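Residue strings, one per chain:
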Amino acid sequence: MKNIYGVLKGPCLTEKAALLQEEDGAIVFKVHPKANKIEIKKAVELMFNVKVKDVRTANMHGKQKRVGQKIGMTNDWKKAYVTLSEGEINFADEL
């Protein structure tokens with residue numbers, strides 16, 4: 001990935017992500033499927049002016065969806081669990 005701003009697609013705002021943020025200080029992001037941990041770390045540090053301690057990634061498989069008689073699949077995607085050592089990111093204030 002050449003474009004550092006194309007790495008992060010957005011925050012993953014779920015109940016599990018909210019619990020992780022409260023307990024461990026980890027933020028969950030939806031990221032580009034070909035992004036690696038180093039690129040994710042650099043992107044978060046540049047965009048939010050925080051210090052990243054650890055990055056864990058998980059590939060999420062698309063779900064099977066049905067519309068009428070047609071059966072299709074949603075796209076596969078990747079998420080990153082970013083643990084912060086310094087600073088804080090709070091998405092709830094912006095909602």
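Analysis parameters
Residues numbered from 1 in each chain as written. Predicted model: local features only at pLDDT ≥ 70, side-chain atom pairs only at ≥ 80, totals over all residues. Heavy atoms only, no water. Helix = DSSP H or I, 4+ residues; strand = E, 2+ residues; numbered from the N terminus. Buried < 20%, exposed > 50% of the residue type's maximum accessible area, 1.4 Å probe, protein only. Contact = heavy atoms within 4.5 Å. Pairing = 2+ DSSP bridges. Axes fitted to C-alpha atoms, helices over the stretch in contact; angles between N-to-C directions. Phe/Tyr/Trp six-rings, centres within 6.5 Å; stacked < 30°, edge-to-face > 60°. Lys NZ or Arg CZ within 6 Å of the ring centre and 35° of its normal. Expected span 1.5 Å × (residues − 1). Arc of directions from axis to C-beta. Polar contact = N/O pair within 3.5 Å; in protein donor to acceptor, adjacent residues only side chain to side chain.

Student: Residues and numbers for the environment of Glu45, please.
Tutor: As for its placement among the helices and strands, Glu45 is situated in helix α2 (residues 37-48). The partly exposed category is assigned to Glu45, whose relative accessible area is 22%. On a C-alpha basis, the gap between Glu45 and Ala18 in space is 20 Å, while along the polypeptide they are 27 residues apart. When residues no more than four places from it in sequence are discounted, the contact partners of Glu45 are Val50, Lys51 and Val52.

Student: Which residues make up the sheet that holds strand β1 (residues 8-11), and what are the values?
Tutor: Whether parallel or antiparallel, the strands of a sheet pair through hydrogen bonds between backbone atoms. Reading across from one edge, β1-β2-β6-β3 is the order of the 4 strands in this open sheet, with antiparallel pairing throughout. Here the strands that pair on one side only, and so sit at the sheet edges, are β1 and β3 (51-60). Ignoring strand direction, the axes of neighbouring strands in this sheet form an average angle of 30 degrees. Along the sheet face, helix α1 (residues 15-23) touches β2 (26-31) and β6 (77-86) and points at about 140 degrees away from the line of β2. Across the face of the sheet, α2 comes into contact with β1, β2, β3 and β6 while running at roughly 125 degrees to β3.

Student: So, the packing of aromatic side chains: which residues are in play, and what are the values?
Tutor: All told, the structure shown has 1 aromatic pair when counted by the stated rule. A cation over a ring is seen here: Lys30 above Trp77, with NZ or CZ 5.3 Å from the ring centre.

Student: Outline the pairing of strand β4 (residues 64-67), listing residues and values.
Tutor: Across 4 bridges, β4 lies against strand β5 (residues 70-73) in antiparallel orientation. Within β5, the position partnered with Val67 by the bridge is Lys70. Where β4 hands over to β5, the hairpin turn is made up of 2 residues, of which Gly68 adopts a positive phi near 65 degrees.

Student: So what's going on with the environment of Gly62? Which residues, and what values?
Tutor: One can find Gly62 in the loop between β3 and β4. Sequence separation of Gly62 and Gly6 is 56 residues, and the distance between their C-alpha atoms is 21 Å. Not counting residues within four places of it along the chain, the set of residues in contact with Gly62 comprises Met73, Thr74, Asn75 and Asp76.

Student: Can you lay out α2 for me, pointing to particular residues and giving the numbers?
Tutor: Here α2 is 12 residues long and its end C-alpha atoms lie 16 Å apart, about the 16 Å a rise of 1.5 Å per residue gives. Residues of α2 that are buried: Glu39, Ile40, Ala43 and Val44. On an axial view of α2, the arc spanned by its buried residues comes to 130 degrees, and they lie on one face. Exposed residues pointing more than 90 degrees away from the buried face of α2 are listed as Ile38 and Leu46. Its buried side turned inward, α2 meets β1, β2, β3 and β6. With a side-chain oxygen lying 3.3 Å from the backbone nitrogen of Ile38, the N-terminal cap of α2 falls on Asn36. In the segment just after α2, Asn49 is the residue with positive phi, at about 55 degrees.

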